[in-house]
Each structure stands twice: as structure tokens, then as C-alpha cells.
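For reference, the chains in residue letters:
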Amino acid sequence: MASIYDWSTTANSNASISGSSINWAENQAPSTINNSARAEMADVAGWRNLLGATKITSGTNTMTLTTGLSLTAYAQGFLFAFENGVTNTGACTINLDSIGAKDIKKNFNQALASGDLVAGGIYIIAYESTAGNFQLISPVANVVESGASIGTVLALGG
């Protein structure tokens, strides 16, 4: 199944999408217009759902996520939002659509620590192909500033 990630940023390359019923080729038969528009709308809705954190991960430190897009490979810049299912207890991997598990890193190259991802928290990750891992875009849940956890009121001033 094709998805929005198969679309090209070069308009002329989008006449038809392999594995999809999208076909916007020049001089296309009028009977193909409805199917092309519906397939395109389904791709956009799938992408909307993916970025809308409607998917919940399973697993604690070895997480899995079914995107609904039937992805077959990771590519630079893939961006995913998800609701975390279980609070992590250490370094984490995530496996999207059974492609293969990849590390989730914070601050560019650091493994996640226990409690960085809490159950019910919504997180955004992006795939970094050079490093072959996902980078956590969202702040971690257990950041400590001046000895206080996030959510603790800090006294300002003297």
C-alpha cells in the first residue's frame, strides 16, 4: 500500500503512485478521477491521524506502533506522533509497521532514561537516517531543573 510518504515534491512525478489507485496522468479517463481523489484523501487522512497522536504504542522499552500506512522502510525525516502506552524504564526502541526496531534518542545521541516517556504522554519522533535512529522531538517527562521536577512550582527571585 502506498502512502503520502511515496509522493514526490516534484509535481510531474506524481502522475501516478505505484501501489495506489492515485492516477492523475495527463488525459486520464474521467472514470478514474473519483478513485484518484478518494485515494488521495485517504492518504492525507492517514497522515493526519499519524501526526495527530491517535496511535498508542505497546511495549515498555521495546515499543511497537502500527501506523495504518503499511510502511515498508524508514526514510529521512519521517515524523510520527504517538501516545505512549507504558512508562519506559530505560533505553527504548520503536518498531513501526514491523519494519525493524530502531533506537529512540534524546538530545541527538543520548539513550532515553527511565521515566523519559510516561504512559499517556504524547510524543513526536523523527527518523534520522544517517544515525539510523529516531530523535525524540518532544521534551522528556522527567526533566529536573534546580532539583524540582516539571510541574513543581519554583520560587523565583531571592
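Everything numeric here is computed off the predicted structure, so don't read it as measured data.

A.B. asks: Describe the overall build of the protein chain, naming the residues involved and giving the relevant values.
C.D. replies: Looking only at helices and strands, the protein chain features one helix and nine strands. Listing the helices and strands of the protein chain from first to last along the sequence gives α-β-β-β-β-β-β-β-β-β. Looking at the protein chain residue by residue over its 158 residues, the buried ones come to 34%. At a minimum sequence separation of 6, the contacts of the protein chain that also span at least 24 residues come to 58%. Here the protein chain has roughly 8900 Å² of accessible surface; of this, 54% comes from carbon and sulfur atoms.

A.B. asks: Mind laying out the pairing of strand β7 (residues 133–136), listing which residues take part and the relevant values?
C.D. replies: Sheet analysis places strand β4 (residues 102–106) next to β7, joined by two bridges and oriented parallel. The partner of isoleucine 104 across the bridge, within β7, is phenylalanine 134. As defined by bridge partners, strand β6 (residues 122–128) adjoins β7 across four bridges and the pair is classed as antiparallel. By the bridge assignment, glutamate 128 is partnered in β7 with asparagine 133.

A.B. asks: Tell me what's going on with the pattern of salt bridges, and back it up with residues and numbers.
C.D. replies: The tally for this structure, following the rule as stated, stands at two salt bridges. Between aspartate 103 and lysine 105 there is a salt bridge; the shortest N-O distance is 3.9 Å. Look at aspartate 103 and you get partly exposed, because its relative accessible area is 36%. A residue is classified by how much of its surface remains accessible, and lysine 105, at 16% relative accessible area, is buried. A salt bridge links aspartate 116 to lysine 106; the nearest nitrogen and oxygen atoms lie 2.8 Å apart. On the criterion of sequence distance, the pair formed by aspartate 116 in the loop between β5 (110–111) and β6 and lysine 106 in strand β4 is long-range, its members being 10 residues apart. For the pair formed by aspartate 116 and lysine 106, the shared burial category is buried.

A.B. asks: Tell me about the environment of arginine 48, and name the residues and values.
C.D. replies: Mapped onto the elements, arginine 48 comes out in helix α1 (residues 33–51). By relative accessible area, which is 53% here, arginine 48 ends up exposed.

A.B. asks: Break down a nonpolar patch on the surface for me, with residues and values.
C.D. replies: Where nonpolar side chains cluster on the molecular surface, the patch consists of Leu79, Ile124 and Ile137 and spans about 230 Å² of accessible area. Mapped onto the secondary structure, isoleucine 137 falls in the loop between β7 and β8 (144–145). With a relative accessible area of 52%, isoleucine 137 lands in the exposed category.

A.B. asks: Could you give an account of the confidence of the model for the protein chain, naming the residues involved and the relevant values?
C.D. replies: Here the protein chain averages 81 in pLDDT, and 81% of its residues register 70 or above. Looking at the elements of the protein chain, mean pLDDT is at its lowest for strand β9 (residues 148–149), recorded as 54, and at its highest for β4, recorded as 97.

A.B. asks: So, the nonpolar core: which residues are in play, and what are the values?
C.D. replies: Counting 20 residues, the largest nonpolar core has Ile94, Ile104, Ile125, Phe134 and Leu136 as the members making the most contacts within it. At the level of elements, β1 (62–65), β2 (79–83), β3 (92–96), β6 and β7 are the ones that each hand at least two residues to this core. Excluding its chain neighbours within four sequence positions, the residues that come into contact with isoleucine 104 are Met63, Cys92, Thr93, Ile94, Gln110, Leu112, Ile125, Phe134 and Leu136.

A.B. asks: Just give me the short version of the packing of aromatic side chains, but keep the residues and values in it.
C.D. replies: Any two aromatic rings considered together are summarised by their centre-to-centre distance and by the angle between their planes. The tally for this structure, following the rule as stated, stands at six aromatic pairs. With 6.1 Å between their ring centres and 70° between their planes, phenylalanine 80 and phenylalanine 134 make a pair best called edge-to-face. Taken together, the residues phenylalanine 80 in strand β2 and phenylalanine 134 in strand β7 connect sequence positions 54 residues apart. Among the residues examined, phenylalanine 134 registers a relative accessible area of 0% and is labelled buried.

Conventions adopted
Residues numbered from 1 in each chain as written. Predicted model: local features only at pLDDT ≥ 70, side-chain atom pairs only at ≥ 80, totals over all residues. Heavy atoms only, no water. Helix = DSSP H or I, 4+ residues; strand = E, 2+ residues; numbered from the N terminus. Buried < 20%, exposed > 50% of the residue type's maximum accessible area, 1.4 Å probe, protein only. Contact = heavy atoms within 4.5 Å. Areas by Shrake-Rupley, 256 points an atom, 1.4 Å probe, with all protein chains shown as cover. Pairing = 2+ DSSP bridges. Salt bridge = Lys/Arg side-chain N within 4 Å of Asp/Glu carboxyl O. Patch = residues over 30% accessible without salt bridge, like charges linked within 9 Å, V, L, I, M, F, W, Y side chains within 5 Å. pLDDT = per-residue confidence, 0-100. Core = buried A, V, L, I, M, F, W, Y, C linked by side-chain atoms within 4.5 Å. Phe/Tyr/Trp six-rings, centres within 6.5 Å; stacked < 30°, edge-to-face > 60°.

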